[in-house]
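One-letter residues, chain by chain:
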Amino acid sequence: MIRGKNLYIYGPINSRRLGLSLGINLTPYKTCSFDCVYCQAGRTTMRTGERKEYSSAGQVLSALREWLDEHKDTAAKLSYVTIAGTGEPCLNNKLGEIILDIKKMVDLPVAVITNSSMLVSPSVRKELLSADLVVPSLDAARQETFEKIDRPVPGTRITDIINALEEFRKEYPGKIWLEIMLVRGLNDSPEDIAGLKQAVERIKPDKIQVNSPVRKPAEEGVVPLDKQRIEEIMRVLGPSAETV
């Protein structure tokens, strides 16, 4: 992450799935509705489901404008502007406004990477309609597993999230790449994979991106799956499954 006067911009990052992507951060460090065991950014320090303007939309857009002015050559090589960061970007209640203003500022597709929790709100789904690509995560379809791996804000129901993702697919004209992060012994049982398969069949994403932690996670003892097991699970999930 860039420090100093441009606190809201990071990268560009040469992403395996998005190419050269400039990151936009809309929340303070580790302000999130989940505290996922595998998060490479560390433990969540502010776990919340409250939407508000955590980072000023005006300051975010000013920082982006400044970066674009100072890095014209690099900006010309970008593939995406990606709203993600070190927390859950959909917690910021100016998300929709920011997406629209970014698209006025740059002739680039805008991606949003989200843990899916806030999509239970119709207003959040409406705000995301302006994005070109949404990458929501779904690590479990069973409540017990969901609570173990993602450690959500109390009261969060995975059935509500799956229902919201299904509804969003009906509303959204852009691309949805559903990310599933697998951790050995937590969400890779036959029952968990069967539940995820049923959820995927309802959500109908354009892609299913199956991953396992490769960078140092928040928790000790988080073990990735081996390549063979990932490939077995991808076959169960269907032809749109891939690993990145």
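Presented here is a report on the structure given in the accompanying data block. Numbering of residues starts from 1 in every chain and runs along the sequence as written. Two thresholds apply to this predicted model, a pLDDT of at least 70 for residue-level local features and 80 or more for giving and counting side-chain atom pairs, whereas whole-chain, interface and lining totals are computed over all residues. Hydrogens and water molecules were not included; the side-chain quantities draw on all heavy atoms of the structure.

## So, the pattern of salt bridges
So, step 1. Any Lys or Arg side-chain nitrogen found within 4 Å of a carboxyl oxygen on Asp or Glu counts as a salt bridge. Evaluated as defined, the whole model comprises 15 salt bridges.
So, step 2. Arg169 is the salt-bridge partner of Asp206, the closest N and O atoms lying 2.9 Å from each other. Note that Asp206 is positioned in the loop between helix H7 (190-203) and strand S9 (207-211) and Arg169 in helix H6 (residues 158-171), a separation of 37 residues in sequence.
So, step 3. Think of it in three bands: with a 1.4 Å probe and only protein chains considered, a residue is buried below 20% of the maximum accessible area for its type, exposed above 50%, and partly exposed in between. Judged by relative accessible area, Arg169 falls into the buried class, the value being 17%. Numbering of helices and strands runs from the N terminus, with a helix taken as a DSSP run of H or I at least four residues long and a strand as a DSSP run of E at least two residues long.

## Concerning the sheet that holds strand S1 (residues 9-15)
So, step 1. When DSSP locates at least two bridges between a pair of strands, those strands are taken to pair. The sheet built from eight strands is open, its strands ordered S1-S2-S5-S6-S7-S8-S9-S10 with mixed pairing. Strands with a single pairing partner mark the edges of an open sheet, and in this sheet they are S1 and strand S10 (241-242).
So, step 2. Where S1 meets strand S2 (residues 19-25), five bridges bridge the pair, whose relative direction is antiparallel. For Ser15, the partnering residue across the bridge sits in S2 and is Gly19.

## Quick look at unusual backbone geometry
So, step 1. A cis amide bond links Gly11 to the next residue, Pro12, at an omega of 5°.
So, step 2. Tracing the chain through its elements places Pro12 in strand S1.
So, step 3. Residues other than glycine seldom take positive phi values, yet Lys30 does so here, at roughly 55°.
So, step 4. Relative to the helices and strands, Lys30 is located in the loop between S2 and strand S3 (31-32).
So, step 5. Look at Lys30 and you get buried, because its relative accessible area is 4%.
So, step 6. Even without being a glycine, Arg151 presents a positive backbone phi close to 45°.

## Points about the nonpolar core
Burial of nonpolar side chains together is a common tendency in soluble globular proteins.
So, step 1. Grouped together as the largest cluster of nonpolar side chains are 71 residues, with contacts concentrated most on Ile24, Ile83, Ile102, Leu128 and Leu138.
So, step 2. A total of seven residues in this core trace back to one element, the largest contributor, which is helix H1 (residues 57-70).
So, step 3. Formed by six residues, the second largest nonpolar core is a distinct cluster that contains Leu18, Tyr80, Leu133 and Trp177. Put simply, buried Ala, Val, Leu, Ile, Met, Phe, Trp, Tyr and Cys residues joined by side-chain atoms within 4.5 Å make one nonpolar core.

## Side note on the packing of H7 against helix H8 (residues 227-237)
So, step 1. To obtain each axis, a line is fitted to C-alpha atoms, and for helices this fit is confined to the stretch in contact; angles are then taken between N-to-C directions over 0 to 180 degrees. One can describe the packing of H7 onto H8 by two numbers: an axis separation of 9 Å at closest approach and a directional angle of 40°. It follows from the interaxial angle that H7 and H8 lie oblique. In terms of crossing hand, the pair formed by H7 and H8 is right-handed. Contacts between H7 and H8 involve Ile193, Leu196, Lys197 and Val200 from the former and Arg229, Ile233, Val236 and Leu237 from the latter.
So, step 2. Nonpolar residues are Ala, Val, Leu, Ile, Met, Phe, Trp, Tyr, Cys and Pro. Charged residues are Asp, Glu, Lys and Arg, and all others, Gly as well, are polar. Along the lines of polarity and charge, the residues of the contact of H7 with H8 split into six nonpolar, no polar and two charged. In what follows, roughly perpendicular refers to angles from 65 to 115 degrees, roughly parallel to angles under 35, roughly antiparallel to angles over 145, and oblique to any angle outside these ranges. We call a crossing left-handed when the near helix sits turned anticlockwise from the far one by less than a right angle, and right-handed when that turn is clockwise. Residue contacts are counted whenever heavy atoms from the two residues lie within 4.5 Å of one another.

## Considerations on the pairing of strand S6 (residues 110-114)
So, step 1. Burial within S6 is extensive, with four of its five residues counted as buried.
So, step 2. Two strands pair when backbone bridges link them, and strand S5 (residues 80-84) and S6 are joined in this way by three bridges, in the parallel orientation. Looking across to S6, one finds that Ile83 is bridged to Val112.
So, step 3. Between the parallel pair S5 and S6, the chain is carried across by helix H3 (residues 95-105), and the sense of this crossover is right-handed.
So, step 4. In the sheet, S6 pairs with strand S7 (residues 133-136) via four bridges, with the strands oriented parallel. Directly across from Ala111, in S7, lies its bridge partner Leu133.
So, step 5. The definition of a right-handed crossover adopted here requires that, viewed with the strands pointing away, the path from the first strand over the helix to the second runs clockwise. Each parallel crossover has a hand, and the one from S6 via helix H4 (residues 122-128) to S7 is right-handed.

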